[in-house]
Every structure is written in C-alpha cells, then in structure tokens.
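# Structural characterization, general
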Amino acid sequence: MKLSVPGRVTGAAVIAVAALLTTSAIADAAPARAAAAPDIPVANVKAHLTQLQSIATANGGNRAHGRAGYKASLDYVKAKLDAAGFTTTIQQFTASSRVGYNLIADWPGGDANQVVMAGSHLDSVTSGAGINDNGSGSAALLEAALTVSRTQYQPTKHLRFAWWGAEELGMVGSRNYVNGLTTANRAKISGYLNFDMIGSPNPGYFVYDDDPAIEKTLKDFYAGIGVATEIETEGDGRSDHAPFKSAGIPVGGVFTGASSTKSAAQAAKWGGTAGQSFDRCYHSSCDTTSNINDTALNRNSDALAYAVWELSD
Ligand code: DTR
Ligand code: ZN
Ligand code: ZN
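So, here's what we can say about the structure.

Reading the values: rules and limits
- Residues numbered from 1 in each chain as written.
- Chains lettered and ligands numbered in written order.
- Predicted model: local features only at pLDDT ≥ 70, side-chain atom pairs only at ≥ 80, totals over all residues.
- Heavy atoms only, no water.
- Donors = N, O, S within 2.8 Å, 3.2 Å for Na, K, Ca; no water.
- Helix = DSSP H or I, 4+ residues; strand = E, 2+ residues; numbered from the N terminus.
- Buried < 20%, exposed > 50% of the residue type's maximum accessible area, 1.4 Å probe, protein only.
- Near = heavy atom within 4 Å.
- Polar contact = N/O pair within 3.5 Å; in protein donor to acceptor, adjacent residues only side chain to side chain.
- Areas by Shrake-Rupley, 256 points an atom, 1.4 Å probe, with all protein chains shown as cover.
- 1 Å grid on protein atoms, 1.4 Å probe; cavity = no way out; pocket = protein on both sides within 12 Å on 5 of 7 lines; lining within 4 Å.
- Sits in = over half its atoms within 2 Å of the grid points.
- Nonpolar A, V, L, I, M, F, W, Y, C, P; charged D, E, K, R; others polar.
- Salt bridge = Lys/Arg side-chain N within 4 Å of Asp/Glu carboxyl O.
- Tetrahedral: all angles 85-135°; square planar, octahedral: opposite > 155°, others 65-115°.
- Expected span 1.5 Å × (residues − 1).
- Arc of directions from axis to C-beta.
- Contact = heavy atoms within 4.5 Å.

Turning to the coordination of the zinc ion (ligand 2), a few remarks are in order. Donor atoms from the polypeptide that bind the zinc ion (ligand 2) are D133 (OD), E168 (OE), E168 (OE) and H283 (NE2), placed at 1.9 to 2.5 Å. Taken in chain order, the donor set of the zinc ion (ligand 2) reads D-x34-E-x114-H. The zinc ion (ligand 3) is placed at 3.7 Å from the zinc ion (ligand 2), the two being bridged by D133. Taken together, the positions of E168 in the loop between β4 (157-164) and α5 (172-179) and H283 in the loop between α9 (264-270) and α10 (294-312) put the pair 115 residues apart, joining distant regions of the chain. Assessed through its relative accessible area of 23%, E168 is described here as partly exposed.

See below:
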C-alpha cells in the first residue's frame, strides 16, 4: 500500500498529518528490506481474476484440466508474459485421457545455476471457476511477474515462474515438470515458492514450515506489516510444492485456508468469523470473484513479491 498526501498542508496540520501517516505507515509498511520489492497493486491482481472469471463463464463455468476454460486461462496468462518480455514455454502432458499444459516463464538474465522458482496451479475443479482455488495464486503470480518486467528488475539469481496444469488431479503438471528435470537442472533450482489459495474469504495467514530460510523470509514480511501468522499444517503433499520437496528442493509458500474451520482464537487474531470455514466455497460453484478477501489477496500478493525479490537478490 502506498500513502500520499495530495495538495498543500501548513502549520499544525503538517505535524498531525505527518504523525498520522507515520503511524499508519508503520502499521502497514513492509519491512525495510521489502523496499526492494515494489508494491503489487491488488487492483491489477483483481483485474486478472475478473478475466479468469469471464473465461470460466464463457467455457462451461470452469477452468478445469482438459477443458476449454483451462486452455483459455493459459492463453491469457501467456499473452501477458510474452508481451512483457518473458521467455515462455508450454509443456504438454496427458492426464485422465485429456491433454494438459504447464506454462513456464523465464525472466532473461541472472545466474542460470541459481534458479528461484515461484508457481501456482492454474486449473480449477470442474464444479466452478476456481477463483480462490487457484485463480488467487495464479493472478498474484502473474502480477508479480509483470512487475518484474515493469521495473526491469535484474536479480542476481535467475527467475522462473510457473503456472501448473492438473493440480486438482494430484499435482500432475508440477510432477511432470520435476520428473522431466535432469539431475543437473534439478540441482540449479535453489528454491520453489508455492501460492495456492491466498485470498480466502474468511482468511487465515499460514506459512509453510518446510524450508526454514523460506519460512523465515515469509514470516519476516508478515512481521513487518504487523500480521500474526501460523504454521501451515494441512497442505503437506496437497499442492505443487510436494514434487519439488520430494526431489530435495527447498520449498515454501503461504495459504489462507480451505474447508477447515476458523477457531475463536484465530478470529480474535485475524478477524473474520469463528466457527466458519476459511473458504466455504472450496471446490464449489460459489468459488467466484465474490469469494475473495481483498485484504488477504493484497497482503499475500505483496508477500509473494517480497519473497521473490529477497530470495533472488
Ligand atoms: N488448494 C487445495 C490444496 C490444499 C489444501 N490445503 C492446502 C494447504 C496449503 C496448500 C494447498 C492446500 C487444492 O488445490 O485443492
Ligand atoms: Zn483445489
Ligand atoms: Zn489449490
């Protein structure tokens, strides 16, 4: 979030305004090092979600593996990345007798022997548009990648972004990618960041507890904006970080919750509704653009950028 004071202020008002800005800036500023990571405009992320919703609506109501809505989602993301100067690659695979696709986007430059990867699954279940699961991660990832281009960020390490197919069938696309890596190329990946469900309507703020360094990086971001986090406990093996972890690659990520119920203690810490699921539209037809908490999406989009910038520096 950026703060600005339009027009002119004089005298005592200056002191009051400055104090107000300082206070609110502290309350919502990211940590000092995060200055290297630009703010990700949540309005831009939501615009991508609107596009994904339109795609689902125009294609039988979903963006599922092997259906037209998935390929249209992939084409949307790829077109944005191609226009922004990324080197994109489509990986094709078959699952459940249907053709699936991964989209890999490399940002030219950086040390090819130190690759920082960030990924999200782009597919939905067949029952709905999958805007939180996982349009939220896919849209935040896309906007972070476009921000890399917009700012002409030149990291020390090489940046690679990925949108996975057929995660809902059992992480098929990401597993296909990892299994296709040579031993040498696998060793070049210094870490993989996963973003799957990062805008849940009744959000929690969960950080994966797999790799300690990645976990600390993400926790530092949240500490910097004064938001408490908990360790993510339900997702082990349930998203696209699993094949990377099985291959010995450090992984991490953030998550805002699915069908589990928010406790009273969690509601006291994070707000929202105790006794209700973090996302009561999980894998349902109501997982639409109205199934997103903008504050959670905003914070996690900035957490994604903070981690990408910090870990690729
Ligand atoms: N997003 C869900 C998988 C899932 C369920 N719990 C977690 C926790 C952390 C990451 C992912 C998940 C899905 O794709 O069905
Ligand atoms: Zn799912
Ligand atoms: Zn998911």
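Picking up where we left off.
Below, the discussion takes up the site of ligand 1. Close contacts around ligand 1 come from 15 residues, with E167, E168, D196, Y282 and H283 the closest. Between a nitrogen atom of ligand 1 and a side-chain N or O atom of E234, the distance comes to 3.2 Å. Within the side chain of Y282, an N or O atom sits 2.8 Å from an oxygen atom of ligand 1. In the complex, 98% of the free accessible area of ligand 1, which totals 360 Å², lies under the protein chains. Because more than half of its atoms lie within 2 Å of the grid, ligand 1 is assigned to the second largest pocket. Along the lines of polarity and charge, the residues of the shell around ligand 1 split into four nonpolar, four polar and seven charged.

One pass over the full model with this rule turns up 10 salt bridges. Among the ionic pairs, K269 bridges to E230, the shortest N-O distance being 2.5 Å. Here E230 lies in strand β7 (residues 230-232) and K269 lies in helix α9, a separation of 39 residues in the sequence.

Further remarks concern the coordination of the zinc ion (ligand 3). For a metal bound by four donors in tetrahedral geometry, the ideal donor-metal-donor angle is 109.5 degrees, whereas six donors in octahedral geometry ideally sit at 90 or 180 degrees. At 2.0 to 2.5 Å from the zinc ion (ligand 3) lie its protein donor atoms, namely H121 (NE2), D133 (OD), D196 (OD) and D196 (OD). In this structure, the zinc ion (ligand 3) is surrounded by six donor atoms whose angles at the metal cover 56 to 167°, and the resulting shape is irregular. Counting the intervening residues between successive donors of the zinc ion (ligand 3) yields the motif H-x11-D-x62-D. Under the relative-accessibility criterion, D196 is labelled buried at 7%.

Moving on, we come to helix α3 (residues 68-83). The first and last C-alpha atoms of α3 sit 23 Å apart over 16 residues, in line with the 22 Å expected at 1.5 Å per residue. Where α3 is concerned, the buried positions are G69, Y70, S73, L74, Y76, V77 and L81. Seen along its axis, α3 keeps its buried residues to an arc of 155°; they face one direction. On its buried face, α3 sits against α2 (42-58), β1 (87-95), β2 (98-107), α4 (131-150) and β4. G85 lies just past α3 and shows a positive phi near 95°.

Without other data, these values stay purely geometric and don't point to any function.
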